[in-house]
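What follows is each chain in one-letter form.
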Amino acid sequence: MRFDHGASPVTLTVCTSRIVRVELADERDAAGPSYVGPRSWAAVPFEIIDGERVRLSTGDLRVEAATSPVRLTFLDAAGAWLLREPAQGGMITESLGDTRRRVRASFEFSDEQHFYGLGQGGLQLDRLGIARQLWNTHIGHGPGSDMGIPLLISNRGYALFFDNTSDAMLSVGRSDGGVRITYTAEAGRLVWYFLIGPDLRRVMLEAAELLGRPPLPPRWALGFLQSTRHFEDTEELRRLPRTIREKRIPCDGLIYLSTYGEAQGWNRGVGHLGFQPALWPDPPALIEEARRQHFEIITHEYPVLHEDSPLFAEAEASGYLLDDGYGRSSEGPRRAANYREGQRYLDFSNPAVGAWWWSAHRELTTLGVAGWWLDGGEGPPATAKLHAGDGTLLHNIYDRFRHEAFARGEAAGRPDQRVFLLCRSGAAGMQRFGATCWSGDINNDFATLDAQIPLGLNTGLSGVPYWGTDVGGFFHPVPETGELYARWFQLGAFSPIFRSHGWVWREHVPWAHGAQVEKICRDYAELRYRLLPYTYTLAWQAHTLGLPLMRPLVLNYPDDPRVWQLGHEFLWGDDLLVAPVTREGATAWPVYLPAGGWYDFWSGTRHEGPGGVTLEAPLERLPLLVRAGSILPLGPVVQHTRERPLDEITLLIYPDGASSFELYEDDGRSNAYREGRHALTRFECVARPKDVTVRIGEPVGDRSVVPAGRRYLIRLRIDGARAVTVEGHGPLPKLNGPSQDGAGWWEDGRVFIVVRPPRQPALAVMMSRT
């Protein structure tokens, strides 16, 4: 549908019943790349209610359009307006006096609303009242990585997405003839989308429909990853994986940094893909040694090429390099730990460059390198000239071109292997290429730790579900402490990407701060691995529903005003409430509980929401609560994800009315899940005054991914039981405890009943209360 709007007509496209695209179609504005990409939307039936003042209805939303001048208003299905253009200055394009043009859009919103998303950056969860510069940046020692994603989500159940990759500013709540949302882009065309859902969770699904669904990561990537920087010698390199296994700290990945000057990493230096020969005299043997100990290997790189690289001449002759890059350090090119030696950016805006660069990784893939640490990537300067345009237009999307190149390369060269990219920068839609992110090179203090939580939550609400931090912080302007590392490790255990790293990496291994902190780290790494059946199901929800793993309370409780700005506690999935301790010396911690019952994970004590509680929080205890009605599938303690099949599951159940959980399983490594090679198992619990019934359904789907002869252990938070009966089997005997063999039940302390039912693929267990 096209509306006259002076020299800049407005085009409105109904993409789906919940997504509408709007473009200010001014041919004077240079077209740039799209975050969304070319899409063929199916025809969506809609009704034009009034021909003079156009009113559209899709059944899920309504659009009213005044035509002189064009002014759009978006309403929900019931007819309540949510967002509209102001009477003056809704959408405009303007000349900057030369060949450059700027585009703008302004909106008014109804009543009280709060906003989220906009990528990684800024100190608060609620975006209301902030002005966000959308220009990818990295500031070491300070906020770290700032990654702008122009997706703005309202707690009223809708979102705005601006499909423009250029330098831009988005103000949420600018007082300018009323409180407005204003968007200004320095280049490109004005294209934006309105998305709506019946609730915030469904809006995330619509965002995934628009920007792309994240594929499932390899299961190992959801374990603990130990990052490194530089090594003294080969023996230290070999000692690290042995030490992790000897200390029995669960871990799945080892990450190796580039060589910086005289400081030895995996390669010859930044901008090289060849191994450092002194540290890695026999790369195949050293990598195989680590892999035999069940570690996956991830190597580091920047998006640049060094003039001494064997690849440099070909790249320069082919026009694959930009004139811009890393300047030379004034302290000399070989200063210890300096990596800036005049390397030049690879022009990933040219698809041929991405294909060529991936082909240069063939030796690394042959050696079994499983993932790629793509550092830097914030993009060349605004003045840079790239294959697809200038830096102003391409800076923000530059690193996503790199992500896409790696994803395409993996799909062609290792089609049955899942992609894992650990990225410092990125852009809207990066998740569909298997890209994860972390918050960059931040400081090691409690204030910085506290700031990480809203960063992660807004990144997830921007469509990028896999996020993490350097556990312990990166730079260390203050002396390292075991307390900070332990508290950060606890947050890491409930971050989608759980990775320890630091400037002095030897201070950021779990055993660096003495026996007490080592035990705390081991306990939380073990908890992370025990929770993997639950967490892996959350990854499936991210893939199918667009939901982040780490969820702000507003996502599940959008009608509770007390959570609209609550950014320092979060939900892990729907069932675990995590409240990291982020103040030095704290031994008690305030936690807000939304409506319903909540159980302390450690003590089993029940609390009622809505309202605040203060929980004991000695150093070894992360405030962690379980929602009443939850069914948490736990696996055994393992040292890595391939140690054993998931042949034993403990169902940790907190009965409350009728509840259920659906466990997702696949092979954890291949892409066969895309072809239906996965299984779902449903668990149900019904609590009544006199009894509790638990049902375990048969797996639905590909049962080959479910270990044969699986055994379940059911652990229920109830005050007592008189008898336990299994349907079709009869009463179970009461046992003295877990040491007694066979099917039966016993009391575990004062608050849990533990049931070991007979081995069978599906069963129903009824407990009679005392």
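Residues numbered from 1 in each chain as written. Predicted model: local features only at pLDDT ≥ 70, side-chain atom pairs only at ≥ 80, totals over all residues. Heavy atoms only, no water.

Peer 1: Which parts of the structure should I look at to understand the sheet that holds strand β33 (residues 570-572)?
Peer 2: Picture the strands of a sheet paired through backbone hydrogen bonds; they go either parallel or antiparallel. An order of β32-β33-β34-β37-β35-β36 is seen for the 6 strands of this open sheet, with the pairing classed as antiparallel. Each edge of the sheet is formed by a strand with only one pairing partner; in this case those strands are β32 (550-551) and β36 (606-616). Where strand β35 (residues 588-600) lies against β36, 10 bridges are found, and the strand directions are antiparallel. Across the sheet, the residue bridging to Pro590 is Thr614, located in β36. (Pairing = 2+ DSSP bridges. Helix = DSSP H or I, 4+ residues; strand = E, 2+ residues; numbered from the N terminus.)

Peer 1: When you look at helix α10 (residues 482-492) in this model, what are you seeing that I'm missing?
Peer 2: Two residues of an α-helix separated by three or four positions point the same way, owing to the 3.6 residues in each turn. In terms of residue burial, α10 counts as a mostly covered element, since 10 of its 11 residues are buried. Listed in full, the buried residues belonging to α10 are Gly482, Leu484, Tyr485, Ala486, Arg487, Trp488, Phe489, Gln490, Leu491 and Gly492. For α10, the secondary structure elements touched by its buried residues are β19 (224-227), α9 (446-460), β31 (498-500), α11 (515-530) and β33. (Buried < 20%, exposed > 50% of the residue type's maximum accessible area, 1.4 Å probe, protein only. Contact = heavy atoms within 4.5 Å.)

Peer 1: Mind showing me how you'd approach the nonpolar core here?
Peer 2: Note on soluble globular proteins: their nonpolar side chains tend to be buried together. Formed by 203 residues in total, the largest nonpolar core has its most connected members in Phe161, Phe494, Trp572 and Val755. Sequence-distant contacts of Trp572, defined by excluding residues within four places in its chain, comprise Phe494, Ser495, Pro496, Arg528, Tyr534, Thr535, Leu538, Leu549, Met550 and Val578. Membership of the second largest hydrophobic core comes to 41 residues, among which are Val10, Leu56, Val63 and Ile130. (Core = buried A, V, L, I, M, F, W, Y, C linked by side-chain atoms within 4.5 Å.)

Peer 1: I would appreciate a short explanation of the environment of Asp560 in the present structure.
Peer 2: Along the chain, Asp560 falls in the loop between α13 (553-556) and β33. With 173 residues separating them in the primary sequence, Asp560 and Pro733 have C-alpha atoms 46 Å apart. Apart from the residues lying within four places of it in its own chain, the contact partners of Asp560 are Tyr592 and Pro594. Reaching out from Asp560, the side chain makes a polar contact with the backbone nitrogen of Arg562 at a distance of 3.0 Å. Of note is the side chain of Asp560, whose polar atom sits 2.6 Å from the side chain of Tyr592. (Polar contact = N/O pair within 3.5 Å; in protein donor to acceptor, adjacent residues only side chain to side chain.)

Peer 1: Quick question: what am I supposed to make of empty space enclosed by the protein here?
Peer 2: To find the voids left in a structure, one rolls a probe of water-molecule size over its atoms. Under the counting rule described, the total for this entry stands at 5 cavities of 30 Å³ or more. Its boundaries defined by the atoms lining it, the largest cavity holds a volume of some 80 Å³. Considering the residues around the largest cavity, the lining is formed by Leu237, Arg238, Pro241, Tyr256, Trp280, Leu286, Ile287, Glu289, Ala290, Gln293 and Ile297. No other element matches helix α3 (residues 283-292), which puts 4 residues into the lining of the largest cavity. Taken together, the residues of the lining of the largest cavity break down into 8 nonpolar, 1 polar and 2 charged. In this model, the second largest cavity occupies a volume close to 60 Å³. Together, Pro214, Pro215, Pro217, Val419, Phe420, Gln431, Gly434, Ala435, Thr436 and Tyr466 line the second largest cavity. Taken together, the residues of the lining of the second largest cavity break down into 7 nonpolar, 3 polar and no charged. (1 Å grid on protein atoms, 1.4 Å probe; cavity = no way out; pocket = protein on both sides within 12 Å on 5 of 7 lines; lining within 4 Å. Points joined across faces, edges and corners; volume = space filled by probe spheres on them. Nonpolar A, V, L, I, M, F, W, Y, C, P; charged D, E, K, R; others polar.)

Peer 1: Quick question: what am I supposed to make of the pairing of strand β29 (residues 435-438) here?
Peer 2: Two faces belong to every sheet, and in a regular strand the side chains alternate between them. Residues Ala435 and Cys437 of β29 are buried on one face, and the alternating residues Thr436 and Trp438, pointing to the opposite face, are buried as well. Bridge analysis of strand β28 (residues 421-423) against β29 gives 3 bridges, and the strand direction is parallel. Residue Leu422 lies in a different strand from β29, and its bridge partner there is Thr436. A crossover links β29 with its parallel partner strand β30 (residues 467-468), the connecting element being α9, and its sense is right-handed. (Right-handed = clockwise from strand over helix to strand, strands pointing away.)

Peer 1: I'm lost on the pattern of salt bridges in this one. Help?
Peer 2: When the charged atoms of two side chains lie near each other, side chains of opposite charge can form a pair. Summed over the entire model, instances satisfying the criterion amount to 50 salt bridges. Between Asp647 and Arg644 there is a salt bridge whose closest N-O contact spans 2.6 Å. According to the relative accessible area criterion, Arg644 is partly exposed, its value standing at 32%. Ionic contacts of the salt-bridge type, sharing partners, join the residues Arg18, Asp60, Arg202 and Glu206 into one network. (Salt bridge = Lys/Arg side-chain N within 4 Å of Asp/Glu carboxyl O.)

Peer 1: What exactly am I supposed to notice about helix α12 (residues 532-545) here?
Peer 2: Along its 14 residues, α12 runs 19 Å from first to last C-alpha, staying within 8% of the 20 Å computed at 1.5 Å per residue. Taken together, the buried positions of α12 are Leu532, Pro533, Tyr534, Thr535, Tyr536, Thr537, Leu538, Ala539, Trp540, Gln541, Ala542 and His543. Following α12 by one or two positions, Gly546 has its phi on the positive side, about 75 degrees. (Expected span 1.5 Å × (residues − 1).)

Peer 1: Please explain the sheet that holds strand β22 (residues 304-305) as it appears in this structure.
Peer 2: Here we have 3 strands laid out as an open sheet, ordered β22-β24-β23, and antiparallel in their pairing. Across the chains shown, the open sheet's two edge strands, defined by having one partner strand only, are β22 and β23 (321-325). Sheet topology note: the β23/strand β24 (residues 344-346) ladder contains 2 bridges and is antiparallel. Along β24, the bridge assignment pairs Gly325 with Arg344.

Peer 1: What's the story with unusual backbone geometry in this structure? I'm lost.
Peer 2: Trans peptide bonds make up most of the peptide bonds, and negative phi angles are found at most residues other than glycine. Gly609 connects to Pro610 through a cis peptide bond whose omega is 5 degrees. Among the structural elements, Pro610 can be located in strand β36. Notably, His141 is not glycine yet its phi reads approximately 75 degrees, a positive angle. Of note, His141 is situated in the loop between β13 (137-139) and β14 (144-154). Although it is not a glycine, Arg248 sits at a positive phi angle of roughly 55 degrees.

Peer 1: Honestly, the pairing of strand β38 (residues 631-634) in this entry has me stumped. Any pointers?
Peer 2: Residues of β38 alternate between two faces, with Ile631 and Pro633 on one and Leu632 and Leu634 on the opposite face, all of them buried. Looking at chain direction, β38 and strand β39 (residues 648-653) are connected through 4 bridges and run antiparallel. From the neighbouring strand, Ile631 faces β39, where its bridge partner is Ile653.

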